[in-house]
Each structure stands twice: as structure tokens, then as C-alpha cells.
Amino acid sequence: MMPSSDEPDVLDCLVIGGGPAGLTAALYLARYRRSVAVFDAGRSRAEWIPRSRNYPGFPSGISGHELLVLLSTQASSYNISLISARVDSLARSGDLFEASFEGGTALTRSVLLATGIVDIEPEIDGHDEAVHRGLIRYCPVCDGFEAADKRIGVYGAGTGAVNKAKFLRSYSRDVALVLSDDEVLDEEDLRASGIRLIRAPDRLRIEERSIVAVCNEGETTFDVFYPALGCKAGSSLASRLGAECNDVGCLEVDAHQQTTVPGIYAAGDVVSDLHQIAVGTGHAAIAATHIHKTLPPNPR
Ligand SMILES: Cc1cc2nc3c(=O)[nH]c(=O)nc-3n(C[C@H](O)[C@H](O)[C@H](O)COP(=O)(O)OP(=O)(O)OC[C@H]3O[C@@H](n4cnc5c(N)ncnc54)[C@H](O)[C@@H]3O)c2cc1C
């Protein structure tokens, strides 16, 4: 790892997570001439994006994989250590933090968590391939526009699923909420919003260009299918040190992206309900700049 000016074995910042938020934070910190390492367990949600058409600067769109390659290439042109490893735990060590990973430990003055979320997936054969083909989608904010006038299914239960279905009505008249369990809900509210209700199907089937919900009453075919089963935020490394989380498990941060544990920052999906690359890279710029300003000065 790149040595810091006065203490060779202490990083200025250890970034956990090498998705768009983590790589952007590392880039900013390296350009502030800070020693930084990025640890990444290799499961960025961005890898799932077949083609993003709402990330600014790419008029023909860009796949998530291509974007990650560009971000890693940009980060690699600075003295940033990119390490493929999961950080297993984080502990205090005096004024510093110590991160443990398979094969070693690293000491750092500050930590930026960009660990993202993990979507809860429906049990359906061929799920991964269907995401890559754009049949199964997770983010209406990202690609609802491309679902215009299609037969859209939203699969889940509770307020989150209902809200997702309502959001998608901006794009299509043909939106159905496919219940994932036997939940009782306000059918009148759905009817008033122009959303059909389909009771919990026996199974879901992926076809060449569609997804089919199979029930006793018959089959319903969808062009695109949005699971709304929730997600798990990667906040545990910080919450174990006392960082506060909101009711969906995302880390609470202040205006500088600092968690309630001084010295630990967070950026991207692990913080925000608006799971967007632009939001994550914005968080990263804010956090990295505050980290730089609060670390001991590094005059040339
Ligand atoms: C199908 C799909 C399509 C999407 N389309 C778009 C789109 O068009 N536009 C858009 O703006 N957004 C889109 N998104 C959302 C976008 O992918 C996320 O908002 C973005 O990837 C979040 O970036 P992040 O850096 O916060 O987290 P991630 O990209 O998820 O990266 C987090 C990284 O942290 C790593 N990690 C977690 N825990 C540890 C640990 N303990 N140690 C080391 N590493 C760890 C993970 O393995 C992962 O690599 C889409 C998402 C999906 C699933």
C-alpha cells in the first residue's frame, strides 16, 4: 500500500467497496495526495446493469461492467491500491481503525464505507440471465423509461411494492402487482391507481421474451418484471462500531457523509434510498473532500 508521509504503515483512508461510490472516493482522495486503498469483494450492483441510459455523459448508454472498468482504470492511474478482498471486521485501534481481511490487517486514519446493498431476489430459474437480458429489473428510476407501454409486473408485498407499481404507472397503462405472499392490501387504492392485482402465483417462469406468473386461475405474461422484495444494506462493519442506521438498515450520515462514528464515512447505496450511480459518486466527492480537510494537513 502507498505509505503515508509520516507513518509508513497507516493509510489516510481505507475505502471498503469498489463500486462506483468507492472508486470515485478513492480517485478524489488520491488527487488530494492522500494514501488510500480500496478493498472490494467483487459484487458491485453495477455489474448487473445491462445498459444504463440515465448516467450522464454517455448519450448511447453504458453497461455497468464497462463503467466499472473505466472507473478502475482511472483509479489505477493514481497510486491507489485496489485489493480484491472482503473486509471481515473493523475495530478501533487508539485514534486509528484496524480493518481485518483474509491474509492480513490494515491500519487507517479514516474509513469510507461504500459497501452497497444486496437485493433480495425471487426464486426463479434463470434469474441472472433474465437480469442481463433486461427481463428482470430492479430499478424503475434507472430503466422505467425503457419499459414504456410494456406489460409490467411488480413482484412483492407491502408498501414498497405498491409504491413501485404506482411509480411505474408513469410509463405504462399495463401495470400489475403480483403478490409474493398472501398479504391483504387495499385493493381499492390499487384500482384507483389503475394497477391490477394478481394473487401469489404458484411459480414464475422465464421465457424467451417474457416472464409468466402461473396461478390456479391461469397465466399472466409480462414483458418486464420488477421484484420488490427489499434489500439488505451492507452497513454491519460500521454498525458494529456503534454507527446508527435508519429503519431500512442504511447508515445515517451528516451533510459531509460522516456516520455517527467520527472518522467513518459512507457513500452510495449503503446510505441512500435513491440507489443511483450519480447519487453514489456525489456522496463520494463530498465524503472524500471532508476526509481530506479533517486529516492532518499534507503540505508539499
Ligand atoms: C439491474 C440493475 C440496473 C441498474 N441500473 C442503473 C442505472 O441505469 N443507472 C443508475 O444510476 N443505477 C443503476 N443501478 C443501481 C446502481 O448499480 C447502484 O446504485 C450502484 O452500483 C451503487 O454503487 P455503490 O458503489 O454504492 O455500491 P455497489 O456498486 O453495489 O458496490 C459495492 C461493493 O462493495 C463490496 N463490498 C461489500 N461489502 C464488502 C466488504 N465487507 N469488504 C469488501 N468489499 C465489500 C461489494 O462486493 C461491491 O463490489 C442498477 C442496479 C441494478 C441491480
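What counts, and at which threshold
- Residues numbered from 1 in each chain as written.
- Predicted model: local features only at pLDDT ≥ 70, side-chain atom pairs only at ≥ 80, totals over all residues.
- Heavy atoms only, no water.
- Patch = residues over 30% accessible without salt bridge, like charges linked within 9 Å, V, L, I, M, F, W, Y side chains within 5 Å.
- Areas by Shrake-Rupley, 256 points an atom, 1.4 Å probe, with all protein chains shown as cover.
- Salt bridge = Lys/Arg side-chain N within 4 Å of Asp/Glu carboxyl O.
- Helix = DSSP H or I, 4+ residues; strand = E, 2+ residues; numbered from the N terminus.
- Buried < 20%, exposed > 50% of the residue type's maximum accessible area, 1.4 Å probe, protein only.
- Axes fitted to C-alpha atoms, helices over the stretch in contact; angles between N-to-C directions.
- Left-handed = near helix turned anticlockwise from the far one by under 90°.
- Contact = heavy atoms within 4.5 Å.
- Near = heavy atom within 4 Å.
- Polar contact = N/O pair within 3.5 Å; in protein donor to acceptor, adjacent residues only side chain to side chain.
- Nonpolar A, V, L, I, M, F, W, Y, C, P; charged D, E, K, R; others polar.
- Lys, Arg positive; Asp, Glu negative; His and termini not counted.
- Charge placed at Lys NZ, Arg CZ, Asp CG, Glu CD.
- Disulfide = S-S within 2.5 Å.
- Pairing = 2+ DSSP bridges.
- Domains from an automatic or database assignment.
- Core = buried A, V, L, I, M, F, W, Y, C linked by side-chain atoms within 4.5 Å.

Peer 1: Tell me about a nonpolar patch on the surface, residues and numbers included.
Peer 2: Judged by side-chain polarity, Val141, Phe167 and Leu274 come together as a nonpolar surface patch covering roughly 240 Å² of accessible area. Looking at the secondary structure, you find Val141 in helix α4 (residues 140–143). Exposure remark for Val141: the relative accessible area of 37% places this residue in the partly exposed category.

Peer 1: Tell me about the packing of helix α1 (residues 20–31) against helix α8 (residues 277–294), and please be specific about residues and values.
Peer 2: It is the contact of α1 with α8, at a shortest axis distance of 8 Å, that shows an interaxial angle of 35°. Judged by the twist between their axes, the crossing of α1 over α8 is right-handed. Where α1 approaches α8, its residues Pro20, Ala21, Thr24, Ala25, Tyr28 and Leu29 are matched on the opposing element by Ile277, Gly280, Thr281, Ala284, Ala285, Ala288, Thr289, Ile291 and His292.

Peer 1: Help me get a handle on the environment of Asp189, residues and values and all.
Peer 2: Position of Asp189 relative to the elements: it lies in helix α6 (residues 187–192). Each C-alpha atom, one on Asp189 and one on Gln257, is 37 Å from the other, the two residues being 68 residues apart in sequence. Filtering out sequence-adjacent residues up to four positions away, Asp189 remains in contact with Val162 and Lys166.

Peer 1: How would you explain the site of the ligand if you had to name every residue and give the values?
Peer 2: Not every one of the 33 residues close to the ligand is listed here, only the nearest: Asp40, Ser44, Asn54, Val87 and Ile277. Measuring from an oxygen atom of the ligand, one finds a backbone N or O atom of Ala46 at 3.3 Å. Val87 is positioned with one of its backbone polar atoms (N or O) 2.8 Å from a nitrogen atom of the ligand. Expressed as a share of its isolated accessible area of 1,000 Å², the protein-covered part of the ligand is 96%. Secondary structure elements with two or more residues in the shell around the ligand: α1 and β2 (36–40). The residue makeup of the shell around the ligand, split by class, is 15 nonpolar, 12 polar and six charged.

Peer 1: Which residues make up a negative patch on the surface, and what values do they have?
Peer 2: Taken together, Glu244, Asp247, Glu252 and Asp273 make up a surface patch of like negative charges. Locating Glu252 in the fold gives a position in the loop between α7 (236–239) and β16 (264–266).

Peer 1: Please provide a residue-by-residue account of the state of the cysteines, values included.
Peer 2: In the structure shown here, the tally under the stated rule is one disulfide. With no disulfide of its own, Cys13 has Cys245 as its nearest cysteine by sulfur position, at a separation of 19 Å. By relative accessible area, Cys13 is classed as buried at 0%.

Peer 1: Tell me about the sheet that holds strand β11 (residues 203–206), and please be specific about residues and values.
Peer 2: Strand pairing within a sheet occurs via backbone hydrogen bonds; the two strands may be parallel or antiparallel. What the three strands build is an open sheet, ordered β11-β12-β13; its pairing is antiparallel. Of all strands in the sheet, those with a lone pairing partner are β11 and β13 (218–222), marking the two edges. On average, each strand axis in the sheet is tilted by 25° relative to the strand beside it, whichever way the strands run. Here five bridges tie strand β12 (residues 211–215) to β13, and the two strands are oriented antiparallel to one another. Bridge assignment links Val214 to a residue of β13, and that residue is Glu219.

Peer 1: Before we move on, could you go through the domain arrangement of the protein chain and cite the residues and values that matter?
Peer 2: According to the domain assignment, the protein chain consists of domain 1 (10–118 + 230–294) and domain 2 (121–228). A C-alpha centroid distance of 31 Å is found between domain 1 and domain 2. Listed per partner, the contact involves 10 residues of domain 1 and 11 residues of domain 2. Inspection of the domain 1/domain 2 interface yields zero salt bridges. Scanning the region where domain 1 abuts domain 2 turns up zero residue pairs in polar contact (both at pLDDT 80 or more).

Peer 1: Describe the side chain of His275, naming the residues involved and giving the relevant values.
Peer 2: With respect to the helices and strands, His275 occurs in the loop between β16 and α8. Within the structure, the side chain of His275 is placed 3.0 Å from the backbone oxygen of Ser272, a separation counted as a polar contact.

Peer 1: Please set out the environment of Glu98 residue by residue, giving values where relevant.
Peer 2: Here Glu98 is to be found in strand β5 (residues 96–101). Owing to a relative accessible area of 29%, Glu98 belongs among the partly exposed residues under this scheme. C-alpha separation for the pair Glu98 and Val10, spaced 88 residues apart in sequence, amounts to 9.5 Å.

Peer 1: An account of the nonpolar core is needed here, citing residue identities and associated values.
Peer 2: Val15, Leu29, Val36, Ile80, Leu112 and Ile291 are the most contacted members of the largest nonpolar core, which has 28 residues in total. Elements supplying a minimum of two residues to this core: β1 (10–16), α1, β2, α2 (64–76) and α8. For this core, the element with the highest residue contribution is α1, accounting for six residues. Leaving out residues up to four positions away in the same chain, Val15 has contacts with Gly22, Ala26, Leu29, Val36, Ala37, Val38, Phe39 and Leu112. With 24 residues, the next largest nonpolar core counts Leu90, Phe101, Leu237 and Leu251 among its residues.

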